[in-house]
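# Structural characterization, general
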Amino acid sequence: MNYEIEPLNSTHIRKNFSCGKSILDDYIKIQASQDIRRKISTCFVLTDEKSNLIGYYTLSNTSIERANLPNEIIKKLPPSYKNLPATLLGRLAVDKNYLGRKLGEFLLVDAMKKSVLVAKKSIGSMALIVDPIDDIAIAFYTKYGFIILPDSGKMFLPMQTINSLFND
């Protein structure tokens, strides 16, 4: 099966989506369309050939306090910024019927590609930030190089690192 990721729209069937985490299930069924209309986030979905939702992720702008970053990152940044621009990968979920097919990774790579492209061409962003929901999510993001930010529970991956993954 060829998978395509596209922005969420009204043709996508969300009612049967279940990743096993009610906060993520409820978000895509109830809140996602409202967030898109209000320009709070964008939502990208992976669907089957009948438009049933297989997985999704959201992106939005955020900032990160300079003081929360590791020293090796801080020393490379201008000292005049207290808060630095970043991109938030707010939610990422795969329907439990599709687990074990590396679709979470597929969605993550797509989110990273979109984030680095925007950071290069349109809007400054020095990192991709995630806010893992549990230890399983922490392990998932750690596997892909995300670094835990002390005292916040969030994790980040510098755009410079992401850019190096996709440079030809």
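What counts and what doesn't
Residues numbered from 1 in each chain as written. Predicted model: local features only at pLDDT ≥ 70, side-chain atom pairs only at ≥ 80, totals over all residues. Heavy atoms only, no water. Helix = DSSP H or I, 4+ residues; strand = E, 2+ residues; numbered from the N terminus. Buried < 20%, exposed > 50% of the residue type's maximum accessible area, 1.4 Å probe, protein only. Contact = heavy atoms within 4.5 Å. Core = buried A, V, L, I, M, F, W, Y, C linked by side-chain atoms within 4.5 Å. Phe/Tyr/Trp six-rings, centres within 6.5 Å; stacked < 30°, edge-to-face > 60°. Lys NZ or Arg CZ within 6 Å of the ring centre and 35° of its normal. Salt bridge = Lys/Arg side-chain N within 4 Å of Asp/Glu carboxyl O.

## Regarding the environment of Leu117
Relative to the assigned elements, Leu117 resides in helix 3 (residues 103–121). Given the relative accessible area of 45%, Leu117 is considered partly exposed. Leu117 sits 46 residues away from Asn163 along the chain, and the two C-alpha atoms are 8.5 Å apart.

## Things to note about the environment of Ile36
Within the secondary structure, Ile36 is located in helix 1 (residues 22–37). Taking the C-alpha atoms as reference, Ile36 lies 20 Å from Lys113; in sequence the two are 77 residues apart. In this structure Ile36 touches Leu8, Ser41 and Cys43, once residues within four positions along its chain are discounted.

## Overview of the nonpolar core
If you look at the biggest cluster of nonpolar residues, it comprises 26 residues, and the most contacted ones within it are Tyr57, Leu89, Leu108, Leu128, Tyr141 and Phe146. Those elements giving two or more residues to this core turn out to be strand 2 (42–47), strand 3 (53–65), strand 4 (83–94), helix 3, strand 5 (127–130), helix 4 (135–143), strand 7 (155–158) and helix 5 (159–166). With six residues, helix 3 is the single largest residue contributor to this core.

## A few points about the packing of aromatic side chains
Evaluated as defined, the whole model comprises six aromatic pairs. Clustering of aromatic rings is evident, with ring pairs tying together Phe140, Tyr141, Tyr144 and Phe146. For the cation-ring pair, Lys114 lies above Phe44, with the distance from its terminal atom to the ring centre recorded as 4.7 Å.

## A look at the pattern of salt bridges
Applying the stated criterion across every chain yields a total of three salt bridges. Residues Asp134 and Lys21 are paired through a salt bridge, measuring 2.8 Å at the closest nitrogen-oxygen approach. Of this pair, Asp134 sits in the loop between strand 5 and helix 4 while Lys21 sits in the loop between strand 1 (5–7) and helix 1, placing them 113 residues apart in sequence. For Asp134, a relative accessible area of 22% translates into the label partly exposed.

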